[in-house]
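# Fold and contact review
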Amino acid sequence: MTSAAATAGDPIRVIVVDDQELVRMGFRLILERAGFEVLGEAADGLEAVTLVEQTRPDVVLMDIRMPRLDGIEATRRIVAAGGGPRVVVLTTFDLDDYVYSAILAGASGFLLKDVSPDDLVHGVRVVARGEAMVAPAVTSRLLAQFVRRPPAGQLPAALAALTERETAVARLVARGLSNAEIGARLYLSEATVKTYVSRLLTKLDLRDRVQVAVLAYESGLVQVGEVD
């Protein structure tokens with residue numbers, strides 16, 4: 001579930017998608033100064049889908065509201081095509097139903113457009129590694145606000161088949177905790193937690209931690225407003 005660049009130590013390859021040229025230029029400058037390889041820019045979703053097919057980036061920074069094809073549908077098409085690129089949506093408001101729709105479409109997280117340069121660089125690196133969500137606590141809060149309350153009943157078979165420890169890890173992933181934080185809660189090493197998370201993704205046939213969180217909330221494994 002980790003990009004080839006993150007594994008091999010090569011520069012992380014990124015494309016920037018936004019209908020405002022100045023926004024694209026600003027993100028490109030920040031990323032290139034940090035050592036990323038910016039493979040190109042796109043001004044709308046259709047251009048983005050084509051550019052992803054041509055360049056096979058590790059990470060796509062994707063605006064949501066764009067002409068011709070919005071970022072939600074572009075994300076859906078990119079994820080459905082496979083090949084491993086991870087999409088990070090860019091938004092002005094963190095608790096936004098458009099962002100939630102993009103998460104459901106397969107985005108690996110989101111960043112606010114006024115993100116600091118350091119947080120932008122960190123967020124892209126985190127997503128490229130596949131180790132954590134971008135702004136995990138905020139992503140979990142987003143899910144809690146927009147997710148449908150599940151009907152009463154048993155958990156889906158895939159979740160019900162998890163071991164007790166795997167279920168505990170899944171619940172904490174959905175709550176937005178990092179591997180280190182999960183390890184501290186469950187008295188496990190960070191490496192062991194990473195192994196559990198990889199096992200979860202395989203067993204549940206999911207791409208990343210955000211999808212684990214979506215499944216956990218929508219299935220009722222984690223309840224909105226639940227506290228430890």
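The following paragraphs examine the structure supplied in this document. (Residues numbered from 1 in each chain as written. Predicted model: local features only at pLDDT ≥ 70, side-chain atom pairs only at ≥ 80, totals over all residues. Heavy atoms only, no water.)

## Digging into the overall build of the protein
If you tally the helices and strands in the protein, you get twelve helices and five strands. The buried share among the 228 residues of the protein stands at 48%. When the accessible area of the protein is evaluated, it comes to approximately 10800 Å², of which 52% is carbon and sulfur surface. (Helix = DSSP H or I, 4+ residues; strand = E, 2+ residues; numbered from the N terminus. Buried < 20%, exposed > 50% of the residue type's maximum accessible area, 1.4 Å probe, protein only. Areas by Shrake-Rupley, 256 points an atom, 1.4 Å probe, with all protein chains shown as cover.)

## Considerations on the packing of aromatic side chains
Enumeration over the complete set of coordinates arrives at zero aromatic pairs. In this structure, Arg 199 packs its charged tip against the face of Tyr 196, placed 5.0 Å from the ring centre. (Phe/Tyr/Trp six-rings, centres within 6.5 Å; stacked < 30°, edge-to-face > 60°. Lys NZ or Arg CZ within 6 Å of the ring centre and 35° of its normal.)

## Some points on the pattern of salt bridges
Taken as a whole and assessed by the stated rule, the structure comprises 13 salt bridges. Connected through shared salt-bridge partners, Arg 24, Arg 28, Glu 32 and Glu 41 make up one network. (Salt bridge = Lys/Arg side-chain N within 4 Å of Asp/Glu carboxyl O.)

## Some thoughts on the sheet that holds strand β5 (residues 109-112)
The sheet built from five strands is open, its strands ordered β2-β1-β3-β4-β5 with parallel pairing. Two strands lie at the open edges of the sheet, namely β2 (37-42) and β5, each paired on one side alone. The average angle at which neighbouring strand axes cross in this sheet is 25°, direction not considered. Bridge count for strand β1 (residues 13-17) against β2 is five bridges, and the pairing is parallel. Paired with Ile 15 across the two strands is Gly 40, which belongs to β2. Sheet contacts for helix α2 (residues 21-33): β1, β2, β3 (59-63) and β4 (86-91); angle to β2, the most-contacted strand, approximately 175°. (Pairing = 2+ DSSP bridges. Axes fitted to C-alpha atoms, helices over the stretch in contact; angles between N-to-C directions. Contact = heavy atoms within 4.5 Å.)

## Brief notes about the pairing of β1
Most of β1 is tucked away: four of the five residues are buried. With α2 bridging β1 and its parallel neighbour β2, the resulting β-α-β unit is right-handed. (Right-handed = clockwise from strand over helix to strand, strands pointing away.)

## Things to note about helix α6 (residues 117-129)
In a regular helix each residue adds 1.5 Å, so 13 residues correspond to 18 Å; α6 covers 19 Å between its end C-alpha atoms and thus fits that length. Taken residue by residue, α6 has Leu 120, Val 121, Gly 123, Val 124, Val 126, Val 127 and Ala 128 as its buried positions. Backbone geometry just after α6 places Gly 130 at a positive phi near 75°. (Expected span 1.5 Å × (residues − 1).)

## Focus on the packing of α2 against α6
One way to put it is that α2 packs onto α6 with a least axis distance of 10 Å and a crossing angle of 70°. With respect to α6, the axis of α2 lies roughly perpendicular. On α6, the residues touching Phe 27, Ile 30 and Leu 31 of α2 are Pro 117, Leu 120, Val 121 and Val 124. (Parallel < 35°, antiparallel > 145°, perpendicular 65-115°, else oblique.)

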